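# A structural walkthrough
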Amino acid sequence: MEKGFGGIRKEAQERLDALDEYSPLDYTEKRPFLEATILTCDAIILWANRHGNLAEELAQKEENPIRKEELLKIAEICHYVPENPPRTFYEAMQAQWFTQMFSRIEQKTGTIISNGRMDQYLYPFYKKDIEAGILTDEEVQELFECMWVSMAQFIDLYLSDTGGAFNEGYAHWEAVTIGGQTKDGYDAVNELTYILLKSKREFPLNYPDLAARIHSRSPKRYLYEVAETIKAGEGFPKLLNDEDIIPLLLSKGASFEEAYDYSVSGCAECRMPR
């Protein structure tokens, strides 16, 4: 969100160019990682641009002027993100979704997909667009729900009977974490938190899973809306107690900033993305 994959690629290339050619450590450990980072950045940028090219082709054939305008907007956004840092909430959502989809390829190595703290890293884009009057809460909820539909369409296919039996085709594990505390230890609930809760109450899909972080200073409205969402009977959100989890992470060597910023991955694992 801050650098774009183009920025990450540039940083990796600069570090690669600065390696000591006479250092075994640089050439056996650092070089392969940096080369892989550059290759991955190039791949996802190329992949996103292909989506943009397809949207342009569809726009040329489209007769409905409203849909034609939508396709041209999609094309413009796909050609910009995730190579560059997003400028709007819409672009931030698209950058997140490209990253989510691309990481599906990695899932075959045993990694778990997580959406992280969506109400935190998307909030600056939301706030900016709301204040500029170019976005409404209803449009934000619609974008989230378009993402949920796309997420639900994914079915992980295995080549073996064992893999299919383990996964059953529908276990996604794409947890979205809301609430909790900021890296500075203040309450983190914001307007996006409530939009996400509302979306999950009103939208008839199980994906993604929702995890609500709770602490002693959580707002009463937040606790009420979490309870209302649980009452709907869909099985989420799961509740995570900051008062227990953060001290545990600190005791294992995490910094306060890292511990305050934990998110849920998989079923109920608490991880600290860095």
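Each remark here, short or long, concerns the structure printed above.
Residues numbered from 1 in each chain as written. Predicted model: local features only at pLDDT ≥ 70, side-chain atom pairs only at ≥ 80, totals over all residues. Heavy atoms only, no water.

### Examining the pattern of salt bridges
Summed over the entire model, instances satisfying the criterion amount to 14 salt bridges. Asp 42 is paired through a salt bridge with Arg 9; the nearest N and O atoms lie 2.5 Å apart. Placement of Asp 42 in helix H2 (residues 24–61) and of Arg 9 in helix H1 (residues 4–17) is noted, with a sequence separation of 33 residues between them. Of the residues examined, Arg 9 reaches a relative accessible area of 26% and is grouped as partly exposed. Of the charged contacts in the structure, one is a salt bridge between Arg 31 and Glu 35, with a shortest N-O distance of 3.0 Å. Of this pair, Arg 31 and Glu 35 both sit in helix H2, 4 residues apart, roughly one helical turn. When its relative accessible area of 37% is taken as the criterion, Glu 35 is described as partly exposed. What emerges from the salt-bridge pattern is a single network uniting Lys 3, Glu 11 and Arg 15. (Salt bridge = Lys/Arg side-chain N within 4 Å of Asp/Glu carboxyl O. Helix = DSSP H or I, 4+ residues; strand = E, 2+ residues; numbered from the N terminus. Buried < 20%, exposed > 50% of the residue type's maximum accessible area, 1.4 Å probe, protein only.)

### Things to note about the side chain of Thr 37
Note on placement: Thr 37 falls in helix H2. In this structure Thr 37 comes out as buried when scored by relative accessible area, which is 18%. Not counting the four nearest positions on each side in its chain, Thr 37 is found in contact with Ile 8 and Ala 12. (Contact = heavy atoms within 4.5 Å.)

### Comments concerning the environment of Gly 233
Tracing the chain through its elements places Gly 233 in the loop between helix H10 (220–231) and strand E4 (238–241). We classify Gly 233 as exposed; its relative accessible area is 58%. As for Gly 233 and Arg 201, which are separated by 32 residues in sequence, their C-alpha atoms are 9.3 Å apart.

### Considerations on the nonpolar core
Counting 31 residues, the largest nonpolar core has Phe 89, Phe 144, Trp 148, Leu 192 and Tyr 222 as the members making the most contacts within it. Elements supplying a minimum of two residues to this core: helix H4 (89–106), helix H6 (123–132), helix H7 (137–152), strand E2 (175–179), helix H9 (191–202), strand E3 (210–214) and H10. For this core, the element with the most residues is H7, which contributes 6 residues. Counting 11 residues, the second largest nonpolar core, distinct from the first, contains Ala 175, Leu 249, Tyr 262 and Val 264. (Core = buried A, V, L, I, M, F, W, Y, C linked by side-chain atoms within 4.5 Å.)

### Points about the sheet that holds E2
Read across the open sheet, the 4 strands follow the order E1-E2-E3-E4; overall the sheet is parallel. Strand pairing shows two members of the sheet lacking a second neighbour, strand E1 (114–116) and E4, which therefore form its edges. With strand direction ignored, the average angle separating the axes of adjacent strands in the sheet is 25 degrees. Where E2 lies against E3, 4 bridges are found, and the strand directions are parallel. Within the sheet, the bridge partner assigned to Ile 178 lies in E3 and is Ala 212. With respect to the sheet, H9 is in contact with E2 and E3, its orientation differing from that of E2 by roughly 135 degrees. (Pairing = 2+ DSSP bridges. Axes fitted to C-alpha atoms, helices over the stretch in contact; angles between N-to-C directions.)

### Quick look at helix H11 (residues 242–251)
When H11 is considered as a whole, its buried residues turn out to be Asp 242, Ile 245, Ile 246 and Leu 249. Angular distribution of buried residues about the axis of H11 spans 95 degrees; they occupy a single face of the element. In H11, those exposed residues whose orientation departs by more than 90 degrees from the buried face are Asp 244 and Ser 251. Where H11 is buried, its residues meet E3, E4, helix H12 (256–260) and strand E6 (269–271). For H11, the N-terminal capping position is held by Asn 241, with its side-chain oxygen 2.9 Å away from the main-chain nitrogen of Glu 243. A positive phi of about 105 degrees marks Gly 253, the residue just after H11. (Arc of directions from axis to C-beta. Polar contact = N/O pair within 3.5 Å; in protein donor to acceptor, adjacent residues only side chain to side chain.)

### Focus: the pairing of E4
Here E4 shows a buried face lined by Lys 238 and Leu 240 and an unburied face lined by Leu 239 and Asn 241. With H10 bridging E3 and the parallel E4, this β-α-β connection has right-handed handedness. (Right-handed = clockwise from strand over helix to strand, strands pointing away.)

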